Amino acid sequence: MGANHHHETFPWKHVVGFILSLLLTFAALWVALSSGLSTAAVIGIIVILAVIQASLQLFMFMHMTESDSGKIQTINMAYSFFIAIVVVAGSIWTMSFVL
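Residues numbered from 1 in each chain as written. Predicted model: local features only at pLDDT ≥ 70, side-chain atom pairs only at ≥ 80, totals over all residues. Heavy atoms only, no water.

Draft legend 1. Geometry of the overall build of the chain. When its secondary structure is counted, the chain shows three helices and zero strands. The order of α-helices and β-strands along the chain, N terminus first, is α-α-α. Looking at the chain as a whole, 13% of its 99 residues qualify as buried. Sequence-distant contacts, at least 24 apart, represent 56% of the contacts inside the chain between residues at least 6 apart. (Helix = DSSP H or I, 4+ residues; strand = E, 2+ residues; numbered from the N terminus. Buried < 20%, exposed > 50% of the residue type's maximum accessible area, 1.4 Å probe, protein only. Contact = heavy atoms within 4.5 Å.)

Structure follows, in structure tokens:
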């Protein structure tokens, strides 16, 4: 254990991340239900809010900044984004044949 190792007694980082996640969720809910924007605008705003929330949760809850090796974290993130893009694009492509 190094001399700079710091232990917090109360998880402020997690509380702040949770509150910000709630705010982003309620903002997306408000945009979807009460904003009166066009469907394309609502979808665009929700996607942007989802990306912000995913990034927030990665840094606040998934310990992205606590690792000594940033290279492994970068490879894991790139692989995760690749899988997410394949799942979303594959789902949209499959649904285009159904609808």
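Draft legend 2. Broad picture of the confidence of the model for the chain. Of all residues in the chain, 86% have pLDDT values of 70 or greater, and the mean over the chain is 84. Looking across the chain, the model is least confident in helix α3 (residues 70-98), with a mean pLDDT of 87, and most confident in helix α1 (residues 12-34), with 92. (pLDDT = per-residue confidence, 0-100.)

Draft legend 3. Highlighting the layout of surface pockets. By volume, the second largest pocket amounts to about 250 Å³. Forming the boundary of the second largest pocket are Val 51, Ala 54, Ser 55, Leu 58, Met 77, Ser 80, Phe 81, Ala 84, Ile 85 and Val 88. Contributing elements (two or more residues each) for the lining of the second largest pocket: α2 (39-61) and α3. Looking at the lining of the second largest pocket element by element, the count peaks at six residues for α3. Tallied by class, the residues present in the lining of the second largest pocket amount to eight nonpolar, two polar and no charged. (1 Å grid on protein atoms, 1.4 Å probe; cavity = no way out; pocket = protein on both sides within 12 Å on 5 of 7 lines; lining within 4 Å. Points joined across faces, edges and corners; volume = space filled by probe spheres on them. Nonpolar A, V, L, I, M, F, W, Y, C, P; charged D, E, K, R; others polar.)

Draft legend 4. Highlighting the environment of Ala 50. Checked against the element boundaries, Ala 50 lands in helix α2. The spatial distance from the C-alpha of Ala 50 to the C-alpha of Leu 24 is 7.9 Å, given a sequence separation of 26 residues.

Draft legend 5. Structural detail: α1. Between its terminal C-alpha atoms α1 stretches 32 Å, which fits the 33 Å expected from 23 residues at 1.5 Å a residue. Turning to α1, its buried residues number three or more, namely Gly 17, Ser 21, Leu 24, Ala 28 and Val 31. Buried-residue contacts for α1 involve α2. Phi turns positive one or two residues past the end of α1, at Gly 36, with a value near 75°. (Expected span 1.5 Å × (residues − 1).)

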